[in-house]
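Notes for the structure review
In case you want the letters, here they are:
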Amino acid sequence: CFLQSFLNFFVIMEDLSTCPVCKFSRESLLEMPCCNSLFCGECLSSVAHCFKCKKVFDIKNCTPYSNLSVMVDNVIIECRHSGCDYKSTEFLIQQHESNCKFSTIYKSDLISILEPTQTPEYQVLQRRKNIFSNFMMYSNVRHVMDCIENDLSLDDTPLSTDVGSDGYYTHIILEGDTLSGLSIKYKVSASQIKEVNHLFHDRIHERTALKIPINHTPTFSERETMGLEELLKTRLVSRFRRKTSIKTTQEALYYLEEANMDIEKAFDAWAEDYSWEKNTKLEFKSCLPHEELELFKPQHKRGCCSLVF
């Protein structure tokens, strides 16, 4: 049964790459703009009407069709080593796994030559500290930091009253938080939370944080902590972008990841790169002959003349 399904899959793939006119198997086909039919470029270049619906078309308006084989080659695969979040295509994932720092070989044979501060476990722990340390104004963040620094279980350690101030906890709002849920968690009525925070409705996600009267010492699970970490990571990236005027989230995240989410080290690395780009003047040198290089200059036609810039 499996073999038959496997063969049927490749038959379908072959059909999708075969032109219905010339019956040749092509690497890619063109999709018609009129009826979405698929034909090869050789057949379409010789006619002006669609083979199926007979409508007039321009071959420039046809779009290349991605074969299933290309789609299969580009399927994203996760690294098989526990603790690693790297994802890529099948070809690149093999190269990554051979040098993955979370691999068994790395942990068993090479871990002994590393300094204590260079081990993967220490780096992961320090990464969490670097993220949480920038948001210590929130009670639940201070509680998580206390548990990390003192090696305490998050599921079993209640929230200390020391992390509050003036008789209130400052709770940073997570994605899954609701007013009724916070009321149950802190054992405070919803009306009290609304009164303290001057809320006139139950839409708490319009705020960043809420002040909650200290009436109970709840616990925070590891799952809640992971959600909190992702939220603070997003805010740390936004803070870094504002500090550096970086336009894209990907670029900001690159500097932070390279610095293990230490915003000060990331800023120093960005400042060094920015200074180098600003003060270095690079001249473009081509390996092409001058005559061939002239062909790549953009030409702007105006009337019967061609202006080269």
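Heads up: these notes are all about the structure in this document. Small disclaimer: the values here were computed from a predicted structure and weren't measured.

1. Points about the pattern of salt bridges
Scanning the model with the defined rule gives nine salt bridges in all. Close ionic contact of E229 with R128 constitutes a salt bridge, the shortest N to O distance being 2.9 Å. Taken together, the residues span a long stretch of sequence, with E229 in helix α10 (residues 222-244) and R128 in helix α6 (residues 120-132) at a distance of 101 residues. For R128, a relative accessible area of 15% gives the class buried. Connected through salt bridges with shared partners, the residues R127, R128, E222, E229, K233 and E257 form a single ionic network.

2. Things to note about the packing of α10 against helix α12 (residues 263-279)
Put simply, α10 and α12 touch, their axes get as near as 11 Å, and they point 35° apart. Relative to α12, the crossing made by α10 is right-handed. Judged by residue contacts, L236, R239, F240, K243 and T244 of α10 engage I263, E264, A266, F267 and W270 from α12. Taken together, the residues of the contact of α10 with α12 sort by class into six nonpolar, one polar and three charged.

3. Looking at α6
Note that an α-helix has 3.6 residues per turn; residues three or four places apart therefore point the same way. If you check α6, its first and last C-alpha atoms are 19 Å apart, about what 13 residues at 1.5 Å a residue would give, namely 18 Å. What α6 keeps buried is the set P120, R127, R128, N130, I131 and F132.

4. Digging into the nonpolar core
Formed by 26 residues in total, the largest nonpolar core has its most connected members in F132, V141, L228, L232, L236, F240 and L256. Counting residues per element, the ones that place at least two in this core are α6, α7 (139-149), α10, α11 (249-258) and α12. What V141 contacts, discounting residues up to four positions off in sequence, is F132, F135, M136, I172, L228 and L232. Listed in part, the 14 residues of the second largest apolar core include V163, L179, I193 and L199.

Criteria and thresholds
Residues numbered from 1 in each chain as written. Predicted model: local features only at pLDDT ≥ 70, side-chain atom pairs only at ≥ 80, totals over all residues. Heavy atoms only, no water. Salt bridge = Lys/Arg side-chain N within 4 Å of Asp/Glu carboxyl O. Helix = DSSP H or I, 4+ residues; strand = E, 2+ residues; numbered from the N terminus. Buried < 20%, exposed > 50% of the residue type's maximum accessible area, 1.4 Å probe, protein only. Axes fitted to C-alpha atoms, helices over the stretch in contact; angles between N-to-C directions. Left-handed = near helix turned anticlockwise from the far one by under 90°. Contact = heavy atoms within 4.5 Å. Nonpolar A, V, L, I, M, F, W, Y, C, P; charged D, E, K, R; others polar. Expected span 1.5 Å × (residues − 1). Core = buried A, V, L, I, M, F, W, Y, C linked by side-chain atoms within 4.5 Å.

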